[in-house]
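# Descriptive analysis of the structure
The lines below spell out each chain.
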Amino acid sequence: GRQGGAVSAGPPRLKCNALGDVEWQSAQQELHVARLLLEAQQWAASVFHAQQAVEHVIKAAMLRTCGVTGDEFRGGEGHSLTSLLQRTGLTSPVATEELQRLSTAYLATRYAPFPPPAAPSVPYAAYTSHDAEDGVAVASIMVEWGRNTEQVEPSLSQAGP
């Protein structure tokens, strides 16, 4: 097919620096909460909030680069960290497997498998201190990356006086 002046099909993509700022602030808050829950030995909840921190960092970048669709922002496509980050064109500071593990945790930390296995168990029982430490470590790296990435940290892209 011809690529010349073809318009990309699909839902509209929103670019918005102000909303990017909100996502960036949310990322930092989610990391703080993940750390508190790690200290309180709430492993699954800590992993969930670590995932949220990473998701907010990536969405802050998306809002300043490629834009974000409504479904990516609040819907079903919004929790695959690897595919969201790939859309930005930025290079991840963590391994794809780490992002995939946190993406899975978005639901797995809170909902039992469905259909249930022979002996269903509460979802938080599947998470350990090691899982929470790993999640917080990945989220910490991603937030630090955000602090040093002009597509995330607004002060890095603002002109001087």
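Residues numbered from 1 in each chain as written. Predicted model: local features only at pLDDT ≥ 70, side-chain atom pairs only at ≥ 80, totals over all residues. Heavy atoms only, no water.

### Concerning the packing of aromatic side chains
One pass over the structure, following the stated rule, counts 1 aromatic pair. Lying across the ring of Phe73, Lys59 places its NZ or CZ 5.7 Å from the centre. Residue placement shows Arg110 over the ring face of Tyr106; its charged tip is 4.6 Å from the ring centre. (Phe/Tyr/Trp six-rings, centres within 6.5 Å; stacked < 30°, edge-to-face > 60°. Lys NZ or Arg CZ within 6 Å of the ring centre and 35° of its normal.)

### Some points on the side chain of Thr109
Positionally, Thr109 belongs in the loop between helix 5 (96-108) and helix 6 (129-147). A residue is classified by how much of its surface remains accessible, and Thr109, at 6% relative accessible area, is buried. A polar atom in the side chain of Thr109 sits 2.7 Å from the backbone oxygen of Ala105. (Helix = DSSP H or I, 4+ residues; strand = E, 2+ residues; numbered from the N terminus. Buried < 20%, exposed > 50% of the residue type's maximum accessible area, 1.4 Å probe, protein only. Polar contact = N/O pair within 3.5 Å; in protein donor to acceptor, adjacent residues only side chain to side chain.)

### Focus on the nonpolar core
Core analysis: the largest hydrophobic core is formed by 34 residues, its most contacted members being Trp24, Val54, Val57, Ile58, Leu102, Met142 and Val152. Elements that contribute at least two residues to this core include exactly helix 1 (17-39), helix 2 (43-64), helix 4 (81-88), helix 5 and helix 6. Per-element accounting of this core gives the leading share, 11 residues, to helix 2. Residues within four places of Val57 in sequence aside, it is in contact with Trp24, Ala27, Met142, Val143, Trp145, Gly146 and Val152. (Core = buried A, V, L, I, M, F, W, Y, C linked by side-chain atoms within 4.5 Å. Contact = heavy atoms within 4.5 Å.)

### What about helix 5?
Given a rise of 1.5 Å per residue, 13 residues ought to cover 18 Å, and the 18 Å separating the end C-alpha atoms of helix 5 matches this to within 8%. Those residues of helix 5 that sit buried are Leu99, Leu102, Ser103, Ala105 and Tyr106. Here the buried residues of helix 5 occupy an arc of 155 degrees about the axis, which is enough to place them on one side. In this structure, helix 5 carries Glu97 and Thr104 as exposed residues pointing more than 90 degrees from its buried face. Buried residues in helix 5 make contact with helix 2, helix 4 and helix 6. (Expected span 1.5 Å × (residues − 1). Arc of directions from axis to C-beta.)

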